[in-house]
Amino acid sequence: MASDTLGSAHGGDHRHRGSWVLRAGAWIDRALTLGLEPEERAGLIQERGADRADHLADCDASVWAVAARTARSAVADIGYLILGGEATAIPVAVMFAIIGFGAFWQASTSEFSLFNRVFDGTLGVGLIAIAAAGLRCPRAIYRPWLLPAAVIAAIGTLGGTITIPIVAGTEIYDMANKGALAIVTVGFVLVALAVVPSTVNRTWLIRGGAVLWIAALGNAVAQVGWAVVDAGMQTSRGASVMVAVGCVVGAALLGRLRNVPVTN
Amino acid sequence: MRRKGGTDLVPNEVKLLVAAISATSSTSPEIHGYALARELADLEETHVTMSQSTLYRALRRLEQRGALESRWESIEEVQEDGRDGPPRRYYTVSPSGVALARAAVQSADRAKSSNPWQGWVPQLRGS
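Predicted, not measured: the structure shown is a model, and the values here were computed from it.

1. Focus on the overall build of chain B
Inference 1: Per the secondary structure count, chain B includes five helices and three strands.
Inference 2: When the elements of chain B are put in sequence order from the N terminus, they spell out α-β-α-α-β-α-β-α.
Inference 3: Put simply, 59% of the contacts in chain B that link residues at least 6 apart link residues at least 24 apart.

2. Some thoughts on the overall build of chain A
Inference 1: In terms of helices and strands, chain A carries ten helices and two strands.
Inference 2: Of the regular secondary structure in chain A, the N- to C-terminal order runs α-α-α-α-α-α-β-α-α-α-α-β.
Inference 3: Expressed as a percentage of the 264 residues in chain A, the buried residues total 46%.
Inference 4: Intrachain contacts of chain A at a sequence separation of at least 6 include 73% that bridge at least 24 residues.

3. Notes on the sheet that holds strand β1 (residues 31-32) of chain B
All names here are of chain B.
Inference 1: Reading across the sheet, the three strands line up as β1-β3-β2 and stay open at both edges, with antiparallel pairing between neighbours. The open sheet has two edge strands, β1 and β2 (68-72), and neither has a second partner.
Inference 2: Of the pairings in the sheet, the one linking β1 to strand β3 (residues 89-93) comprises two bridges and is antiparallel in character. Note on β3: the bridge partner recorded for His32 is Tyr90.
Inference 3: Across the sheet, helix α1 (residues 11-23) lies against β1, β2 and β3, angled at about 90° from β3, the strand it touches most.

4. Comments concerning the pairing of β3(B)
Residues and elements named next belong to chain B.
Inference 1: Only one face of β3 is buried, namely the one carrying Arg89, Tyr91 and Val93, since none of Tyr90 and Thr92 on the opposite face is buried.
Inference 2: Relative to β3, β2 runs antiparallel, the two being bridged by five bridges. Of the residues in β3, the one forming a bridge with Leu68 is Val93.

5. Let's talk about the environment of A:Ala210
Inference 1: Within the element layout of this structure, A:Ala210 appears in helix α9 (residues 202-229).
Inference 2: On the basis of neighbour count, A:Ala210 is assigned to the partly exposed category, with 15 C-beta atoms found within 10 Å.

Reading the values: the criteria
- Residues numbered from 1 in each chain as written.
- Chains lettered and ligands numbered in written order.
- Predicted model: local features only at pLDDT ≥ 70, side-chain atom pairs only at ≥ 80, totals over all residues.
- Helix = DSSP H or I, 4+ residues; strand = E, 2+ residues; numbered from the N terminus.
- Contact = placed C-beta atoms within 7 Å.
- Buried ≥ 20, exposed ≤ 12 C-beta atoms within 10 Å, placed from the backbone.
- Pairing = 2+ DSSP bridges.
- Axes fitted to C-alpha atoms, helices over the stretch in contact; angles between N-to-C directions.

Quick look at the structure:
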């Protein structure tokens, strides 16, 4: 039998304090494993319960660390329920395509300068190329298309950051969009650098994705603000909403890419 | 899951297999899930342990591929250990698991030692 010091009796008091985590975790596991074969489900619930008890008995771990890990596990389970057990780039690619069409829509209806509209269009090209890379090779990170696509998107967002005007009445949303686009540029540059090596630097790919996620949420706020407040841009309200929805959902899906293999 | 080339293992599976080999020995050839997650966190020098969902799905896949074998702990063993939690599932790395891990590590080493400038030019060829 295996011997180890993790999860042994010394963690009894600790475990007593965190018994609510064990109960909550068990209920979450039961809820999120409905539909599995009964034998498989029972084994899975028991194994996760034992894991949580061991984690709680671990002197290095706090009750909150166990709770946070349980919450992360639940989020991952929900992702598996919605998207299936396989790592795939299709949902992310669809969201990038939606944002890309939104960027084109904004380029064609915006009242901003020609330069700004050209950069919006450039961003649209980059985003749709990223989407095409995902759809072309949904079970892999398709470097030959992803690298140039990320570079084009970065050029588009950098240009957008520089050329977007600050207009009276929507200053706060203009500023938010400018800031978010600047951060998005950094995110795309990180993604591009991560896919430069043929093996793909996954650490930097995830960091780039995290930066995009943060920026996308900021951009979504700006886009919703524009859609609601700016009467002068009514023609592109739909585009703003489309970009906002794409940003939020697409950002939430980026983490799914961490286990996708590489194709050169 | 369709995979491409090499050992056919995704990164999390390789990491878990390497951690399992690192943590087990001839005197203690078995390891349970949480201990494996801790070993992996130690190897990666992080405080964040892999979530149960990701961990046990990866272990199931490794077991289905024959890289790992498992058994449930008996109630007597739980009592002998002085624990009051549910029985654990213990994993052993199989000989084919050792071979898979070795191949995956060699493949990663080869990729690292390849020409670092090679990747600067995208190669437009199909998957």
